[in-house]
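# Report on the structure
Here is what each chain is made of, one letter per residue.
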Amino acid sequence: MTQLTVTPLDSQRLHERLQGHGYQVALRGGLLECMWQDLPFELRVMGGDAPFLSITACWQRSLPPSQYSRLIAACNTANLEQFLPKVYPVKDLAGWSLRSEVIVDATCGLSNQQLDDHLSVAISANIETCHHLDRLLS
């Protein structure tokens, strides 16, 4: 049986891990920004002594304020139908957009393999959800 070395998670470790996999990542004050399949992502470690990892996809569309109730209905349906990611509306300059987010509890630390697995699942789930909502709200 292989033993996993579990180590604390912080922004620097996350940044180094992503770069080690060849991803182009910008680190801005604890927020990591990168792209997957033309979808911008924000990753952050938050929570201090009890850290959580937030992996958030930023939907590329904006809907006018008149479409807010339609956006809310789509978010509610997505959140009812799937365990993750969680989807929520955000106000932007043009009206309303959405975020798709997976939160990972890293309180006890993560091995590199666990971190890679969480990132893979979260990124894939966020991309699929954003593409699904894109089709639904077109």
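For the structure, check the block above.
As the structure is a computational prediction, the values presented were derived from the model and not from experiment.

So, how was this worked out
Residues numbered from 1 in each chain as written. Predicted model: local features only at pLDDT ≥ 70, side-chain atom pairs only at ≥ 80, totals over all residues. Heavy atoms only, no water. Helix = DSSP H or I, 4+ residues; strand = E, 2+ residues; numbered from the N terminus. Buried < 20%, exposed > 50% of the residue type's maximum accessible area, 1.4 Å probe, protein only. Pairing = 2+ DSSP bridges. Phe/Tyr/Trp six-rings, centres within 6.5 Å; stacked < 30°, edge-to-face > 60°. Axes fitted to C-alpha atoms, helices over the stretch in contact; angles between N-to-C directions. Contact = heavy atoms within 4.5 Å.

Our focus in this paragraph is unusual backbone geometry. Each neighbour pair has its own omega, and for Leu-84 with Pro-85 the value is -5 degrees, a cis peptide bond. Positionally, Pro-85 belongs in the loop between helix H2 (68–81) and strand S5 (86–92). The phi torsion at Gln-37 lies on the positive side, around 50 degrees, for a residue other than glycine. Its relative accessible area of 58% is what places Gln-37 among the exposed residues. Here the phi dihedral of Asp-38 falls at roughly 60 degrees; this positive angle occurs in a residue that is not glycine. Following the sequence through the fold, Asp-38 ends up in the loop between strand S2 (31–36) and strand S3 (39–46).

Turning our attention to the pairing of strand S4 (residues 52–58). Among the 7 residues in S4, 6 count as buried, and that is most of the element. Here 6 bridges tie S3 to S4, and the two strands are oriented antiparallel to one another. Residue pairing across strands places Arg-44 opposite Ser-54, the latter belonging to S4. For S4 and strand S6 (residues 95–105), the ladder comprises 7 bridges, and the chain directions are antiparallel. Across the sheet, residue Ala-57 finds its bridge partner in S6, namely Ser-100.

What follows deals with the packing of aromatic side chains. As enumerated under the stated definition, the model contains 3 aromatic pairs in all. Residues Tyr-68 and Trp-96 carry aromatic rings whose centres are separated by 4.4 Å and whose planes lie at 45 degrees to one another, so their mutual orientation is tilted. Taken together, the positions of Tyr-68 in helix H2 and Trp-96 in strand S6 put the pair 28 residues apart, joining distant regions of the chain. Judged by relative accessible area, which is 18%, Trp-96 ranks as buried. Among the aromatic residues, ring-to-ring pairing joins Tyr-23, Trp-36 and Phe-41 into one connected group.

The 6 strands are arranged S1-S2-S3-S4-S6-S5 in an open sheet whose pairing can be described as antiparallel. The sheet is open, and its two borders are formed by strand S1 (26–28) and S5, each paired with just one other strand. With direction set aside, neighbouring strand axes in the sheet form an average angle of 30 degrees. Pairing geometry for S2 and S3, over 6 bridges, is antiparallel. Residue pairing for S3: Leu-32 is matched across the bridge by Leu-43. Most of the contacts of H2 go to S5, to which it runs at about 160 degrees, and overall it touches S5 and S6. The sheet strands contacting helix H3 (residues 112–136) are S2, S3, S4, S5 and S6, and the helix crosses S4 at an angle near 30 degrees.

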